[in-house]
Structure formats: structure tokens, C-alpha cells
Amino acid sequence: MSDLAWTSAPSGPLRGEIRVPGDKSISHRAIMLAALAEGTSQIRGFLEGEDTRATARAFAQMGVRIDAPHPSERVVHGVGLHGLAAPQAPIDCGNAGTGMRLLMGILAAQPFDSTLVGDESLSRRPMRRVIGPLSRMGASIDAREGGVPPLTIHGGRRLRGIDVALEVASAQVKSAVLLAGLYAEGETRVREPHPTRDYTERMLSALGWQVDYSPGRAALAGGRVLRAGQIAVPADFSSAAFFIVAATLVPGSELVLREVGINERRTGLLKALELMGANIETTNTRELGGELVADLVVRHAPLRGIDVPVEFVPDMIDEFPALFVAAAAARGTTCVRGAAELRVKESDRIAVMAGGLRRLGVRIEETPDGAVIEGGAFAGGEVDSAGDHRCAMSFAVAGLVAAGAVRIADCANVATSFPGFVELANRTGFSLA
Ligand code: S3P
């Protein structure tokens with residue numbers, strides 16, 4: 001628990017044009033794949049967050065030279081698939097589930113042993129979902145009781161390709177299996193219960209590794225070569241989400257969010273907010289580094305409650321804390337179902353958001369896989385983000401439209417995904433300190 005607390009006070013219209021920091025999912029993958037590539041890669045728009053910097057440190061620990069000529073830029077001197085050196089100490093993934101789970105796939109195929117550790121939150125997160133399929137490929141990974149980190153990964157195993165139908169819709173699990181598949185004998189095929197973000201597949205393809213993929217499935221063969229390249233990282237939709245909800249809720253707002261990644265597997269929130277009555281214009285759609293990006297123009301609009309369609313859930317899995325705030329400020333009832341995964345994120349996001357919103361006087365009922373939220377006016381008060389970056393930023397949005405200031409405890413982890421959030425938010429019209 002950090003002692004960094006914020007106070008977010010009601011404010012006037014949000015205005016201006018901003019670019020939020022680079023995409024976290026893509027930044028992790030960029031470091032990893034560039035490290036395993038042959039040659040020197042350049043990453044532009046890299047997220048200078050604690051999570052992604054921890055991933056860069058992990059590869060530096062394994063002998064990969066990574067230069068940072070300017071902020072948000074990295075030059076990665078790839079060592080090839082078989083060029084990593086044994087780390088001399090446990091690798092600390094910090095708060096990053098993506099960092100740890102994707103690394104598991106890579107490390108399971110190395111000739112050396114390794115240990116992965118994380119912070120308090122990451123040390124509670126389920127890893128059996130990754131250990132299961134990797135073990136079937138021939139990996140040997142020990143976890144602490146309950147299947148949680150620290151993890152010991154035994155090297156020197158020969159991996160074989162598998163054909164696996166995953167039980168959870170998780171891009172992290174899919175990616176770990178595909179990364180292990182790079183080293184495996186034969187073909188690795190992954191099928192998902194619902195399509196998830198396809199950044200690993202896209203970036204592997206861009207760096208010259210043939211991947212056969214379509215929504216919900218991916219296949220590749222082991223034993224090829226990754227070629228270094230130029231990787232451009234779009235602005236993170238999940239970071240933009242707080243501003244999208246904020247500008248929608250505060251009367252008189254008009255905010256432009258530049259160069260936001262709008263990959264279909266990430267933008268379920270746009271569809272949900274549209275059903276609720278939001279006014280979000282997607283303009284200037286173009287390609288950046290093989291990803292669709294756009295400038296989003298968000299204008300205030302009154303919202304009504306909805307039943308969030310279950311098929312939207314995987315495409316907005318990181319946006320529920322923000323959606324809960326939108327629902328709390330909407331007219332009528334919003335019902336979320338099919339989102340049990342929220343309970344095993346950086347925090348139990350259903351419990352943390354319900355707990356906080358209730359403190360502000362919102363009527364909200366938790367269910368095992370979602371919540372029923374009665375929208376309307378709500379008060380200021382004291383809430384606890386439980387060290388969860390997305391909950392902290394969502395409560396900051398709540399403070400804009402509450403009747404009084406919202407004091408938010410335990411906000412330091414916002415630096416994992418959104419360094420500079422407070423300054424940027426205040427620049428658009430938040431009153432956050
Ligand atoms: C991510 C996948 C999602 C998401 C996380 C980032 C990724 O997790 O919640 O923030 O980069 O692959 P799951 O794979 O656990 O759904």
C-alpha cells in the first residue's frame with residue numbers, strides 16, 4: 001500500500017487536445033520481440049511506465065542492450081532467439097501480469113533456469129492458466145501454493161507444439177503459448193473461447209515470422225528467425241478511456257484524443273458508451289505501425305443505463321472501472337455480466353469499484369461476474385483504489401461529477417501504466433491534486 005493519495009474535485013468543462021502515453025500491451029511485446037530478433041530495432045512511442053520498464057530491465061538482465069536515446073524511444077540490440085544470457089538474480093516483473101505471463105512463455109524454452117517475482121498484487125494473481133498449457137508443451141514451472149508467483153522456471157527442456165483450446169479468453173495466456181511456440185518443435189495452435197487482442201500475432205508477422213491467425217485462433221511453426229524492425233506504438237486506448245468517460249460526463253466538454261489505437265479487440269467501451277448515448281467521433285483513421293489509430297473527439301452527452309452486451313466484455317476488459325463510473329453517473333440501471341475475470345486483475349476490480357462507489361452513495365450490487373449499478377447523482381467522500389492504477393484513475397473521473405471532492409487512497413501504481421496522469425488531467429480541466 002502506497003501513501004500517495006489524490007483529491008479529485010468537481011470541475012468545469014474538459015477541453016483541449018492531448019495524446020495519452022503509448023500502449024502498454026504493445027510496448028511490452030515490442031521489447032520482448034525486438035530482444036529476440038536478429039538486428040537492431042527501434043521502438044517509438046514506448047510507454048515509460050513502471051510495468052514496461054520492468055520488462056525492459058528483465059531483458060537487460062539477460063544480456064540485451066537496450067538504449068533510450070530519448071524518452072519514449074528505445075533502441076533494442078536483438079540477440080536472436082537463442083542469444084539470451086542466464087539472469088544472475090530473480091527477474092522482478094513489478095505489477096505487470098503481461099510482463100510475467102509473456103516472459104513465462106519465453107523463459108520456459110531457455111537453456112537456463114530463471115525465477116520471476118512480482119509485487120504484492122502480482123504475487124496474488126493466477127498463473128496456472130499459463131503453467132497448464134506450457135507444461136503440456138514440455139515446460140517445467142514451479143509456482144507457490146495456489147499457483148501464484150514467485151515462479152521458478154526450469155530451463156533445458158525441449159518444447160513441442162500443441163493444439164490447445166484455452167479455457168479463459170486471455171491474450172496473455174495465448175501470447176505465452178505462442179512465444180513458447182517459437183521455440184517448439186512443430187506447430188503450435190491456440191483457440192480461444194472469445195477473440196482477444198492480437199498484438200503478439202501482428203508483431204510477430206511484422207517481424208517476419210509467419211503466423212496464421214484470425215479472431216479467436218492463431219497458429220505458428222517453431223524454428224524460424226525474427227528480423228529486427230521499426231515499431232511504432234499508438235496511444236493506449238485504455239489510458240484514453242478515462243478521458244473519454246470524463247469528457248462524456250462533464251457538461252460543456254469537448255476533448256480531442258490524438259493517435260489512439262482503435263484495434264477492435266480493445267474498443268468495446270466505445271460501443272458500450274454509444275449504446276448509453278455518448279457522443280464520440282472517430283476521425284482521421286489511419287495506420288500506425290500496422291495498427292489502426294484515430295483521433296477521438298469526445299463531447300459531453302447525458303448517458304442512460306444499459307445491459308452491457310456480454311459479447312463486448314473481452315473487448316473492454318480493462319475499461320470496466322471507467323465504465324462503472326459512467327454507469328454511476330448515468331440515468332437508470334446498468335447491468336454487467338460475464339466479467340468474472342475482473343476479480344483477478346491488478347485488484348478484484350468488481351469489489352474495489354463497488355466498495356468505492358458505495359462510499360460515494362451509489363447504489364451498486366455486486367454479483368460473482370459483474371454488478372448492477374443504479375445511476376444518478378452521487379456525493380464526494382473517501383475511497384480506496386487498493387493500489388490498482390485503473391481504479392485510481394476511474395475514481396479521479398468520479399470526482400469530476402460528484403457533489404463534493406473525492407479523496408482516493410493508494411494511487412502510486414498509476415505510474416505503472418500512466419506516468420504524468422495528474423498533469424495531463426489537470427491540463428484538460430480536472431482539478432486533481
Ligand atoms: C493484456 C491482456 C489482458 C489485459 C491486460 C493486458 C495483454 O489480460 O487485461 O491488461 O497485454 O495481453 P488477460 O490476458 O488476463 O485478459
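Residues numbered from 1 in each chain as written. Predicted model: local features only at pLDDT ≥ 70, side-chain atom pairs only at ≥ 80, totals over all residues. Heavy atoms only, no water.

*Asks:* Even after reading the chapter, I still don't get the overall build of the chain, so can you show me in this structure?
*Replies:* Across its full length, the chain carries twelve helices and 23 strands. Taking 22 Å as the expected radius of gyration for a compact globule of 433 residues, we find that the chain reaches 21 Å, a close match to that expectation. Counting every position in the chain, which comprises 433 residues, the buried fraction comes to 59%. Residue pairs at least 24 apart in sequence account for 75% of intrachain contacts in the chain once pairs closer than 6 positions are excluded. Per element, the accessible surface of the chain, about 15,400 Å² overall, is 48% carbon and sulfur. (Helix = DSSP H or I, 4+ residues; strand = E, 2+ residues; numbered from the N terminus. Rg over C-alpha atoms; globule rule 2.2 N^0.38 Å. Buried < 20%, exposed > 50% of the residue type's maximum accessible area, 1.4 Å probe, protein only. Contact = heavy atoms within 4.5 Å. Areas by Shrake-Rupley, 256 points an atom, 1.4 Å probe, with all protein chains shown as cover.)

*Asks:* Just to check I follow, could you spell out the environment of Leu255 for this structure?
*Replies:* Position of Leu255 relative to the elements: it lies in strand S15 (residues 254–261). C-alpha separation for the pair Leu255 and Leu296, spaced 41 residues apart in sequence, amounts to 8.0 Å. Ignoring anything within four residues of it in the chain, the contact list for Leu255 reads Leu14, Arg15, Gly16, Phe243, Ala247, Leu296, Val297, Val298 and Thr428.

*Asks:* Honestly, the nonpolar core in this entry has me stumped. Any pointers?
*Replies:* In a soluble, globular protein the nonpolar side chains are often hidden away together inside. In terms of nonpolar packing, the biggest core is built from 81 residues, with Trp6, Phe243, Ile244, Leu273, Phe421 and Phe430 touching the most fellow members. Element by element, the count of residues in this core is highest for helix H7 (residues 237–249), at ten residues. Phe421 has contacts with Trp6, Phe242, Phe243, Met393, Ala396, Val414, Phe430 and Leu432, leaving out every residue within four places of it along the chain. Ile31, Phe59, Leu178 and Trp209 belong to the second-largest nonpolar core, a separate cluster that totals 66 residues. (Core = buried A, V, L, I, M, F, W, Y, C linked by side-chain atoms within 4.5 Å.)

*Asks:* Please explain helix H10 (residues 349–359) as it appears in this structure.
*Replies:* Helical geometry: 3.6 residues make up each α-helical turn, so side chains three or four residues apart lie on a common side. Within H10, the full set of buried residues consists of Arg349, Ile350, Val352, Met353, Ala354, Gly356 and Leu357. Where the residues of H10 are buried, they touch helix H9 (320–329), strand S19 (363–367), strand S20 (370–374), strand S21 (381–384) and helix H11 (389–401). One side-chain oxygen of the residue at the start of H10 lies 3.2 Å from the amide nitrogen of Ile350, identifying that residue as Asp348. Phi turns positive one or two residues past the end of H10, at Gly361, with a value near 90 degrees. (Polar contact = N/O pair within 3.5 Å; in protein donor to acceptor, adjacent residues only side chain to side chain.)

*Asks:* Help me understand the sheet that holds S19, please; the structure alone is not making it clear to me.
*Replies:* The pairing of strands in a sheet happens through backbone hydrogen bonds and is either parallel or antiparallel. Strand order in the open sheet formed by three strands is S18-S20-S19, with antiparallel pairing between adjacent strands. Of all strands in the sheet, those bounded by a partner on one side alone are strand S18 (333–336) and S19. On average, each strand axis in the sheet is inclined to that of its neighbour by 10 degrees, with strand direction left out of account. Inspection of the sheet shows S19 paired to S20 by five bridges, in the antiparallel sense. Bridge assignment links Glu365 to a residue of S20, and that residue is Val372. Across the sheet, H9 lies against S18, S19 and S20, angled at about 25 degrees from S20, the strand it touches most. (Pairing = 2+ DSSP bridges. Axes fitted to C-alpha atoms, helices over the stretch in contact; angles between N-to-C directions.)

*Asks:* Help me out: how do you make sense of the site of the ligand in this one?
*Replies:* As a matter of local geometry, the ligand sits amid Ser25, Arg29, Thr98, Arg101, Ala169, Ser170, Ala171, Gln172, Arg197, Ile317, Asp318 and Lys345. Between the ligand and Ala171 there is a distance of 3.0 Å, counted from an oxygen atom to a backbone nitrogen or oxygen. Side-chain polar atom of Asp318 to an oxygen atom of the ligand: 2.6 Å apart, as the coordinates give it. Coverage of the ligand by the protein chains reaches 95% of its 380 Å² of free accessible surface. Within the residue set of the shell around the ligand, elements represented by two or more residues are helix H1 (24–36), helix H3 (97–107) and helix H5 (171–183). Residues of the shell around the ligand, tallied by class, amount to three nonpolar, four polar and five charged. (Near = heavy atom within 4 Å. Nonpolar A, V, L, I, M, F, W, Y, C, P; charged D, E, K, R; others polar.)

*Asks:* How should the packing of aromatic side chains be read in this particular structure?
*Replies:* Between two aromatic rings, the relevant description is the distance of the centres plus the angle of the planes. Tallying each qualifying case throughout the model produces seven aromatic pairs. Residues Phe243 and Phe418 carry aromatic rings whose centres are separated by 6.2 Å and whose planes lie at 55 degrees to one another, so their mutual orientation is tilted. Remark: Phe418 occurs in the loop between strand S22 (406–409) and helix H12 (421–428) and Phe243 occurs in helix H7; sequence separation between them is 175 residues. By relative accessible area, Phe243 is classed as buried at 0%. With a relative accessible area of 1%, Phe418 lands in the buried category. With 5.8 Å between their ring centres and 55 degrees between their planes, Phe243 and Phe421 make a pair best called tilted. Taken together, the residues Phe243 in helix H7 and Phe421 in helix H12 connect sequence positions 178 residues apart. (Phe/Tyr/Trp six-rings, centres within 6.5 Å; stacked < 30°, edge-to-face > 60°.)

*Asks:* I would appreciate a short explanation of the side chain of Thr188 in the present structure.
*Replies:* Considering the arrangement of structural elements, one finds Thr188 in strand S11 (residues 187–191). For Thr188, a relative accessible area of 0% gives the class buried. In this structure, Thr188 is in contact with Met137, Gly161, Ile162, Val177, Gly181, Ala218, Ala219 and Leu220, ignoring residues within four places of it in sequence.

*Asks:* What exactly am I supposed to notice about empty space enclosed by the protein here?
*Replies:* The rolling of a water-molecule-sized probe over the atoms marks out the regions of remaining empty space. Per the stated rule, a full pass over the model turns up one cavity of 30 Å³ or more. In this model, the largest cavity occupies a volume close to 30 Å³. Contributing to the lining of the largest cavity are Asp51, Ala54, Thr55, Ala58, Ile91, Asp92, Cys93, Ala96, Gly99 and Leu103. Contributing elements (two or more residues each) for the lining of the largest cavity: helix H2 (50–61), strand S6 (91–92) and H3. Ranked by residue count, the leading element in the lining of the largest cavity is H2, at four residues. Class assignment of the residues belonging to the lining of the largest cavity gives a composition of six nonpolar, two polar and two charged. (1 Å grid on protein atoms, 1.4 Å probe; cavity = no way out; pocket = protein on both sides within 12 Å on 5 of 7 lines; lining within 4 Å. Points joined across faces, edges and corners; volume = space filled by probe spheres on them.)

Geometry only, nothing functional implied.
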